[in-house]
Amino acid sequence: MEVKMELHKTLEELRRNFKSGTTRNASWRKAQLSALLHLLRHCEEKIFAALNEDLGKDPVESYRDEIGVVEKSTKHSLSHIDQWMAPKKCRLPLVMFPTTGEVLPEPLGLVLVFSCWNFPISLALDPLVGAISAGNAVVIKPSELAPACATLLANLIPVYLDGSFIKVIVGGADVSATLLQHKWDKIFFTGSPRVGRIVMSAAAKHLTPVTLELGGKCPAIMDSLSSPSDLRVAVKRVVGGKWGPCSGQACLGIDYMLVEGKFASTLIELLKKEIVKCFGNDTRDLKNMSRIVNKHHFRRLSNLLEDPSVFSSIVHGGSLNEEKMLIEPTILLDPPLDAEIMTEEIFGPLLPIITLNDIQETIEFINSRPKPLAIYAFTKDDNFKRRILSETSSGSVTFNDVMIQFVCDQLPFGGVGESGFGRYHGSYSFDTFSHEKGVMHRRFIFEVESRYPPWNNLKLRFLRMAYNFDYLGLLLYILGLKG
Amino acid sequence: MESPKSLEKDLKELRESFRCGKTKEAAWRMRQLKGLSTLLKEKEEGIFDALRRDMGKHKAEAYRDEIGTLIKSINYALANLKGWMSAKKAPLPLGAFPTTAEVVSEPLGVVLIISTWNFPIGLSLEPLIGALAAGNTVVIKPSELTPTCSSLLANTIPIYLDNSAVKIIEGDASVGEQLLRHKWDKILFTGSARVGRMVMLAAAEHLTPVTLELGGKCPAVVDCIPNSRDRTMAMKRIVVGKYGTCAGQACIAIDYILVEKKNAAALVEALTFRIKSMFGDNPRASNSLARIVNRHHFLRLKNLLVDPKVQACVVYGGSMDENTLFVEPTILLDPPHDADIMTEEIFGPLLPIITLNSIEESIEFINLKPKAPAAYIFTKNESLMKRMISETSSGSLAINDCITQFAADTLPFGGVGESGFGRYHGKFSFHTFSHEKGILRRSFLTEFWFRFPPWNNNKLLLLRAAYIFDYIAIVLIVLGLKKS
């Protein structure tokens, strides 16, 4: 109860502070973004340590997926914020002369960012960059499943950023539930569809707009590639994109692969070689792999392999090390399509490969399932690429690589259908946390009586011409030459 | 009235139509838009008649607010559709060469438009324009409070548009509830906050994105305007912006006015003069004043004046006739701030004028209330204009006019805070019913090998350099000429 009252007081204070107008200044926003950069630089070792503690991430992986990403986003925002904040002039039709129009972005107010445990630093701070750039007051709720990172954020943010406007609130599901009872001007959520529904339902009570960055089963299509060097590169990218980021616990990572039957064994051999190169072949001491986040998810993943018909489809890996919370990079060939491993998002280092007679069938396969966050396709066939683009739908599509769209500030990052709605990164982050206000400025220079009652047929005629931009007709009408 | 079974059948047909891919063709979309245009031209008399029956609107008002705006919007969409549909290149940093990126819009699928009664044709068909332009299949649920318009739509749309892709489903709240139990790829709702909450809650079940176009109390700040000609124009615009737009039953109509005490009397006099010149000495007989939509809303408005403290503030008008659902253009001066008329959205031809010591206080007054769909200011004072723009928040803002921002295709139309979220009109309509898909095309030729395990310190150095696009550093590190 006391915690709830404390929280209520904190949020009231943030709202009051927001109303003061400080966050509207570009200088405040830039100062916060610069401070965030300092935080990342000064506390890099601490962040590496926290990520290692929570997820067993190697510092290089942590830099690639978390610190580097946020640094890049922050710098991008700093160099573009003036442009984003500026009103955009809008052309209005001549019939509205002399009126000027513009679209002016303004902050929404007090926003809530729910982060997730797999990229506990970047999924908290990347949205924060957008929220600050747009001039909001922000509460971040980091995931309790990555407690070292949550505590670190709670300790560092108040030191580097303006605590009157930016707060980190840690805790479990009960704290999240309490937060959701309050009114927010925007909620940004990264996580599972199940919790996404809870968030949106809670937001509905207060008519709060939400962005939901959810998961899904991201397929990777592997077409036959005639050049051996291309194939090598493709395999490297697949291995890097499946097991590299957080041991496959990534919404954007490859969930399963689709390949023509005749090509499957070649692919599997190449994958095996690359896996050994990257992670070693000692199952008791896998290198360069993050851990599974907790026992619950470890058991969830091991359960996916329990079904005998699934287990028998394992062609590589499969060993589980519960003590170290590591699961060996595992490849399965054609597990049953109705098994959980093919109906639920895997979110782990298990890679089913589904074979089809013809690569073109992949389109229908993907379309018979919910829209994923990303579709990956390794192919040089332009027609096939065209078909994928026009006949499937997903958050994004990447040809011949995996996950790298995540670092492009120029591309909107978000889902569609069951993988969510709304987007961010780059200017999309700024927009997602802004309200674009249409501002129309009319003059008193001249007036046309025909837009006012009392109504008659002449005025109706005038309105017809106006809406059809029949300027000649209007001119003649005004001059009294056309009745 | 749709039965659950026939609703299932309709939805199945709409999904099939979408799946077969025809709505993705520009030609199909243009055909639908042109069909809609033809409908508006050929059925114009029928539309005028329906709006007169349901809302008592004169043809000119019906054309100005519904038919005309739709024709304009359709023409705009036809002229811009190819551009909206084309992929947009996303420029990548030099180091990404030869990777290319682009963003392409794709339809969401089967969308639901829930319309409302005050602009029953316009608020059904304006979103439809966007939904069709974006390549979706559509269900429109018109309001049952304007039954003639609802029937007209149900009878004409199937004739002019592709019946397997666009359906009108009529009925009351129970039909609305039935519709909301299904999964949609998008819902655009225009109406009250109360129902908006229910729509969003239902959408949450299916993770359906929604646009909520809601209402609010739109303030009009009226500053002293020295020039008498300007003042006259301002008065005309205010009177039309309050009483001349569906008798004030519009989400962007002026709800109340803020004025400095010393200018109040002159304002009341000027408004009174304008009301008489536009609606005559006997407004009951005016052909230019819309009706209140039904008994329920008539009584709601009547109740706003029941409180004696509020009744005492009426300085003009106040007469009502339940039989003809007529409410006279009414002005009140300084009703109590805690009365319903000042806390609830009025949505009718009652205009409270609140006086302040200084016009600057209007900013704070506005900010104490929930954000409205629109805010208006009539002034020639540049610094007051700037304060209004930067210190208040609303869906949109108009200076020295009201309502007309609705007709500007290049301005986004939508609310903020309690007046809703999402927007449409012009290209915003297209985007509201689209998913913008990011597409990245990588080549096999170039690789940032340092982004893959096994990890070592060198790769960390390279990643640091890559993220700040320090290409020279990358080269040096690779050549072993730069360590840390």
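In the block above lies the structure referred to throughout.
Note that this is a predicted model, so its numbers are computed, not measured.

The rules behind each value
- Residues numbered from 1 in each chain as written.
- Chains lettered and ligands numbered in written order.
- Predicted model: local features only at pLDDT ≥ 70, side-chain atom pairs only at ≥ 80, totals over all residues.
- Heavy atoms only, no water.
- Helix = DSSP H or I, 4+ residues; strand = E, 2+ residues; numbered from the N terminus.
- Buried < 20%, exposed > 50% of the residue type's maximum accessible area, 1.4 Å probe, protein only.
- Contact = heavy atoms within 4.5 Å.
- Polar contact = N/O pair within 3.5 Å; in protein donor to acceptor, adjacent residues only side chain to side chain.
- Pairing = 2+ DSSP bridges.
- Axes fitted to C-alpha atoms, helices over the stretch in contact; angles between N-to-C directions.
- Buried area = accessible area lost by both parts, 1.4 Å probe.
- Salt bridge = Lys/Arg side-chain N within 4 Å of Asp/Glu carboxyl O.
- Nonpolar A, V, L, I, M, F, W, Y, C, P; charged D, E, K, R; others polar.
- Right-handed = clockwise from strand over helix to strand, strands pointing away.

Residue and element names in this part refer to chain A. Mapping Y160 onto the fold places it in helix α6 (residues 147-160). On the accessibility criterion, Y160 (23% relative accessible area) is partly exposed. Once residues within four sequence positions are removed from consideration, Y160 is found in contact with A35, H38, L39, H42 and C43. At 3.3 Å, the side chain of Y160 forms a polar contact with the side chain of H42.

It is worth spelling out the sheet that holds strand β18 (residues 434-441) of chain B at this point. Overall, mixed pairing links the ten strands, which are arranged β10(A)-β13(A)-β14(A)-β9(A)-β8(A)-β15(A)-β16(A)-β18(B)-β2(B)-β1(B) in an open sheet. The sheet is open, and its two edges are formed by β10 (314-316) of chain A together with β1 (88-90) of chain B, each paired on a single side. With strand direction ignored, the average angle separating the axes of adjacent strands in the sheet is 25°. As defined by bridge partners, β10(A) adjoins strand β13 (residues 330-333) of chain A across two bridges and the pair is classed as antiparallel. Paired with H316(A) across the bridge in β13(A) is I331(A).

Moving on, we get to the interface of chain B and chain A. Taken together, the contact between chain B and chain A spans 108 residues of the former and 108 residues of the latter. In total, about 9,000 Å² of surface goes out of reach between chain B and chain A, with carbon and sulfur atoms giving 62% of it. Summed over the three residues of chain B that lose the most area to chain A, namely L207(B), F444(B) and Y467(B), the buried surface amounts to 11% of that side. If you look at where chain B meets chain A, you find nine salt bridges. Between R423(A) and E436(B) there is a salt bridge; the shortest N-O distance is 3.0 Å. At the surface where chain B touches chain A, the tally comes to 44 residue pairs in polar contact (both at pLDDT 80 or more). Sorting elements by how many residues they give to the side of chain B that touches chain A places helix α4 (residues 59-85) of chain B first, with ten residues. When the residues that make up the side of chain B that touches chain A are grouped by side-chain class, the tally is 52 nonpolar, 27 polar and 29 charged.

So, on to the side chain of S396(A). Here S396(A) shows up in strand β16 (residues 396-399). At 3.2 Å, the side chain of S396(A) forms a polar contact with the side chain of Q405(A). Leaving out residues up to four positions away in the same chain, S396(A) has contacts with L373(A), A374(A), I375(A), Q405(A), K437(B) and G438(B).

Successive residues of a regular strand alternate their side chains across the two faces of the sheet. All names here are of chain B. Residues P219 and V221 of strand β8 (residues 219-222) are buried on one face, and the alternating residues A220 and V222, pointing to the opposite face, are buried as well. Pairing geometry for β8 and strand β9 (residues 256-260), over four bridges, is parallel. Pairing of V221 across the sheet is with L258, part of β9. Regarding the hand of the β-α-β motif, the stretch spanning β8, helix α9 (residues 228-242) and β9 is right-handed. As defined by bridge partners, β8 adjoins strand β15 (residues 374-378) across three bridges and the pair is classed as parallel. Note that in β15 the partner of V222 across the bridge is F378.

By themselves, these observations are geometric and do not establish any function.
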